[in-house]
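# Breakdown of the fold
The lines below spell out each chain.
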Amino acid sequence: MIGKDIILALSMRSVRLHFLRSVLAALGIVIGVVAIASIGMMGANMTLSVTEELSDMANKLTVTPYTGGGGGMMMGGGGGRVVVGSGSSSDDDDDVIDDDQFRDIERIVAKYGTAYTVRSESDRIEVGSETGRATIYGLDADIMREILTVEEGEYPKSTTSVVVGPTLAERLGLKIGSKIEIGDPDEGSTTTVRVVGILEERGMSMDLSTDMAIIGSDKLFTGIYGGEGEYDQVNVVVNDLNEIDTVKTAIEDGLNRKEDEVTVQDSSRMMESITSTLSTMTTFVMAIAGISLLVAAVSIFNVMMMSVNERVREIGILRSIGTQRTEILRMFIYEATILGLVGAVIGAVASLIIGYVVVLGMVGTAEYFFAPGSIVYVPMAMAVGAAICIVTGVYPAWRASNLDPIEALRAE
Amino acid sequence: MSSPVIELDNVTKVYPLPSGDVTALREISLTIDEGEFVAIMGPSGSGKSTLLNQIGCLDRPTSGNLFLAGKNIREMDDRELTSLRLSSLGYIFQKFNLIPLLTAYENVEYPYIMKHRKNDDTGRVRDLLALVGIDESLSAHKPNELSGGQQQRIAIARALVNDPAILLCDEPTGNLDSQTGAQIMEVLSDLHRKGRTIIMVTHESEIAAYAERTIVIRDGRVA
Ligand SMILES: Nc1ncnc2c1ncn2[C@@H]1O[C@H](COP(=O)(O)OP(=O)(O)O)[C@@H](O)[C@H]1O
Ligand SMILES: [Mg+2]
């Protein structure tokens, strides 16, 4: 028994008869589907994980000295002043927030949340024989406990002890008890500090970038760089997310009365710019992956043309015994569809495996892998792959259906 | 007892070729009545197959009219001609022309499914195969696993499955040895005795002898 759709049965038998050729053609679709799906999922996972990370700071504002022109810095508290020789108090005029301003901010913020000061400096450091650069943060001891999490060790208790970010620790092989020499010996004195704790990874953030930094007490910082009563940045934590704009405006109004003194930033701009960059990148890379589907289309087209040319006589027989043109058309469209569907299904399974590995490797976490925004790329790529196959099959099928029965019967 | 099932009126067929037109049929007029067994004879290249292809609705005359059961095929489109081939005409070719992807049984069932849009549940396919002498074990084989005589028997069963008014045979024994050929002719004679209209092209007079009437074609004209 062949079932009542004998045309479909013929298509399937043709695919099976030319198994190797069909597999190779379908393989093109598999690769295309995997490429598009994995890249799409990678992009989605990056966006999702960045968005999640950034939403942790949706209730935070950073206040930095107004530097004129642009909207201030985007990220991190690392770039305040340029160090010219260690130990010098590098306050070039107004590029700092002073105590008065901080007290103003504290007063404005008081009913909405809390504000704390951040001092930061980029400097040369030496560990054993290795040298490098790192951001050195000076934070209030209580604030440090509140906002930073120590993964190993403890919070600094003295002016010579510090905690370090996990990336820096790994790169310089720092352990609890390691000594770091801060400052350039050629340009003045250096300060030696002891690592008492290693922080948990904090990732991308705009309030503090601690992964590659050394964090010590305010006293330690001013001991090295001076700058009593001067800060590089003030971070504000707002209790109610809905009041973030109110607080932002209040600070701006309060401090920038005469001229622009400070820049207040929230995370929304950074979030926008990062997600839009990611989505542009993803789209671009996906377009490149789309080329692989184009190649697949060419190979499907080739196989379909071969199948038609090989079966001219058979088409003649089918037509001569009363098979309609539309049935011949259907037979070859089916053949292309079978190749497309097989390719798309295998491609989908492979995308789940390969996509998972890619996401894990490139994004670092697969926790959003099965999120709708990510997993949707699998059916999407499947649909695109199968559709390309079917569309590619239309011309060969049309050719087949328009063969003249007598001419076709005369073919060898 | 007879009325014309096939009527040709000044049928001309010209094949336009780059090297010049080939006129395969020149103003042929003839009628064939229901139940007749007609042989079309003539030397190779005389236009026998071309004539049969016009009657079989595989092609259209360049000029002149062809009536099948009183209907002018000039007024039918490809879709209608195709259904006519499916339901009213049975074709038997010199080269058997079975569908290689289908088994013997499926080859016979194919036109049935095309017409009725369902598998044969009446036992007709099995009966026809038995009638032409193909047993059940052979009917599960693909055409390339069968002998020429067996393939032609299957082709006859296929041609009969939709109970066509006319059976068209183009050199049905041309690819068979004389003994097998004689067996095939016995099957056809039998069908004729049961009332089927048969038109058969051949260039062998022993084969033509099975028919009641012989039309000789020379250079595209009835001689
Ligand atoms: N499809 C075709 N295209 C061009 N010429 C054809 C075609 N079919 C037949 N002919 C020509 O028409 C003539 C008659 O051919 P045909 O009917 O096959 O002869 P027969 O069957 O009697 O041997 C021959 O000259 C042949 O070359
Ligand atoms: Mg011939």
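Every value quoted in this text rests on a predicted model; they were computed, and no experiment measured them. Sequence order sets the numbering: in each chain, residues are counted from 1 along the sequence as written. Lettering of chains starts at A and numbering of ligands starts at 1, both following the order in which they are written. Restriction of local features to residues with pLDDT of at least 70 applies here, the model being predicted, together with a cutoff of 80 or more for giving and counting side-chain atom pairs; totals for whole chains, interfaces and linings are based on all residues. For side-chain calculations, the full set of non-hydrogen atoms in the structure is used, while hydrogens and water are omitted.

## A look at the overall build of chain A
Helix and strand counts for chain A stand at 13 helices and 12 strands. Seen through its C-alpha atoms, chain A measures out along the principal axes to roughly 100 × 50 × 35 Å. Only protein chains enter the accessibility calculation, which uses a 1.4 Å probe. A residue is then buried if its area is under 20% of the maximum for its type, exposed if over 50%, and partly exposed in between. Residue burial in chain A is summarised as follows: out of 412 residues, 51% are buried. In chain A, of all internal contacts separated by at least 6 residues, the share reaching a separation of at least 24 is 80%. What counts as a helix is a DSSP run of H or I of at least four residues, what counts as a strand is a run of E of at least two, and both are numbered from the N terminus. Two residues qualify as a contact provided that any one of their heavy atoms is within 4.5 Å of a heavy atom in the partner residue.

## Some points on the side chain of Ser374(A)
All names here are of chain A. Mapped onto the secondary structure, Ser-374 falls in helix α11 (residues 372-375). In this structure Ser-374 comes out as buried when scored by relative accessible area, which is 0%. Here a polar contact means two N or O atoms within 3.5 Å. Within protein one must be a hydrogen donor candidate and the other an acceptor candidate, and residues neighboring in sequence count only if both atoms are side-chain atoms. Here the side chain of Ser-374 touches Asn-45 through a polar contact of 2.9 Å, side chain to side chain. For Ser-374, the contacting residues outside a window of four places in its chain are Met-41, Ala-44, Asn-45, Leu-48, Tyr-368 and Phe-369.

## Observations concerning a nonpolar patch on the surface
Note that patches include only residues with greater than 30% relative accessible area and no salt bridge, and the join distances are 9 Å for like charges and 5 Å for nonpolar side chains (Val, Leu, Ile, Met, Phe, Trp, Tyr). Computed with a 1.4 Å probe, the accessible areas rest on the Shrake-Rupley method; for each residue, only the protein chains presented here act as cover. Should a side-chain nitrogen of Lys or Arg be within 4 Å of a carboxyl oxygen of Asp or Glu, the pair is scored as a salt bridge. Nonpolar side chains collect at one region of the surface, where Val345(A), Val349(A), Leu352(A), Ile353(A), Ile354(A), Tyr356(A), Val357(A), Leu360(A) and Phe370(A) lie side by side and expose about 830 Å² of accessible area between them. Considering the arrangement of structural elements, one finds Tyr356(A) in helix α10 (residues 325-363).

## Let's talk about the site of ligand 1
Throughout, the term near means that a residue has one or more heavy atoms lying within 4 Å of the molecule or strand in question. Close to ligand 1 lie 14 residues; Arg410(A), Gly45(B), Lys48(B), Ser49(B) and Thr50(B) are nearest. Residues within reach of ligand 1 are spread across chains A and B. Contact distances for ligand 1 include 2.7 Å between an oxygen atom and a backbone N or O atom of Gly45(B). One of the backbone nitrogen or oxygen atoms of Ser46(B) is found 3.3 Å away from an oxygen atom of ligand 1. Relative to its unbound accessible surface of 550 Å², ligand 1 loses 76% to contact with the protein. Among the elements that line the shell around ligand 1, the one with the most residues is helix α1 (residues 48-55) of chain B, at 3 residues. Of the residues contributing to the shell around ligand 1, the split by class is 5 nonpolar, 6 polar and 3 charged. Throughout this entry, Asp, Glu, Lys and Arg are counted as charged residues, while Ala, Val, Leu, Ile, Met, Phe, Trp, Tyr, Cys and Pro are counted as nonpolar. The remaining residues, Gly among them, count as polar.

## So, a negative patch on the surface
All names here are of chain A. For this count, His and the chain ends are skipped, Lys and Arg are scored as positive, and Asp and Glu as negative. Where a charge sits is defined by one atom per residue type, namely NZ (Lys), CZ (Arg), CG (Asp) or CD (Glu). A cluster of acidic side chains, namely Glu-52, Glu-53, Asp-56, Glu-151, Glu-152, Glu-200, Glu-201 and Glu-367, defines a negative patch on the protein surface. The set of elements that each furnish at least two residues to the negative patch consists of α2 (19-55) and β5 (150-153). Structurally, Glu-151 is set in strand β5. According to the relative accessible area criterion, Glu-151 is exposed, its value standing at 58%.

## Description of the interface of chain A and chain B
Between chain A and chain B, the contact holds 29 residues from the first and 30 residues from the second. Put simply, buried area is the surface a 1.4 Å probe can reach on two separate parts but cannot reach once they are joined, added for both. Summed over both partners, the interface of chain A with chain B comes to about 2,700 Å²; 59% of that surface belongs to carbon and sulfur atoms. Per-residue buried area on chain A facing chain B is highest for Ile321(A), Gln324(A) and Ile406(A); these three make up 22% of the total on that side. Joining chain A to chain B, the criterion identifies 4 salt bridges. Residues Glu327(A) and Arg117(B) are paired through a salt bridge, measuring 2.5 Å at the closest nitrogen-oxygen approach. Put simply, chain A and chain B have 11 residue pairs in polar contact (both at pLDDT 80 or more) between them. If you list the elements that add at least two residues to the side of chain A that touches chain B, you get α1 (6-17), α9 (312-320), α10 and α13 (405-410) of chain A. Residue composition of the side of chain A that touches chain B, by class: 12 nonpolar, 7 polar and 10 charged.

## Here's the deal with the sheet that holds strand β2 (residues 22-33) of chain B
Sheets are built from strands that pair by backbone hydrogen bonding, the pairs being arranged parallel or antiparallel. Residue and element names in this part refer to chain B. By the convention used here, strands pair only if DSSP detects at least 2 bridges between them. Reading across the sheet, the 4 strands line up as β2-β1-β4-β5 and stay open at both edges, with antiparallel pairing between neighbours. Edge positions in the sheet fall to β2 and β5 (71-72), since each has one partner strand and no second. A fitted line through C-alpha atoms represents every axis, and for helices the fit uses only the stretch in contact; the resulting angles, taken between N-to-C directions, go from 0 to 180 degrees. Packed onto the sheet, α1 meets β1 (4-15), β2 and β4 (63-68) and runs at close to 125° relative to β1.

## Considerations on the domain arrangement of chain A
Each domain's extent is set by a domain assignment, obtained either automatically or from a database. Entries for chain A in the domain assignment read domain 1 (4-53 + 274-410) and domain 2 (60-239). Computed over C-alpha atoms only, the centres of domain 1 of chain A and domain 2 of chain A are separated by 54 Å.

## Concerning the confidence of the model for chain B
The predictor attaches a confidence to each residue, called pLDDT, with possible values from 0 through 100. When pLDDT is averaged across chain B, the result is 94; 99% of the residues are at 70 or more. Reported confidence for the predicted complex is 0.95 by ipTM and 0.75 by pTM.

## Concerning helix α5 (residues 148-160) of chain B
Because the α-helix completes a turn every 3.6 residues, residues three or four places apart line up on one side. Its 13 residues place the ends of α5(B) 18 Å apart at the C-alpha level, agreeing with the 18 Å of an ideal helix rising 1.5 Å per residue. Counting buried residues along α5(B), 11 of its 13 residues qualify, which places the element largely inside the surrounding structure. Multiplying one less than the number of residues by 1.5 Å gives the expected span of a helix.

## Some remarks on the environment of Ile375(A)
Residues and elements named next belong to chain A. Assignment of secondary structure puts Ile-375 in helix α11. Classification of Ile-375 by relative accessible area gives partly exposed; the value is 23%. Between the C-alpha atom of Ile-375 and that of Thr-167, which follows or precedes it by 208 residues, the distance is 31 Å. Beyond its immediate sequence surroundings of up to four residues, Ile-375 is in contact with Leu-352, Phe-369 and Phe-370.

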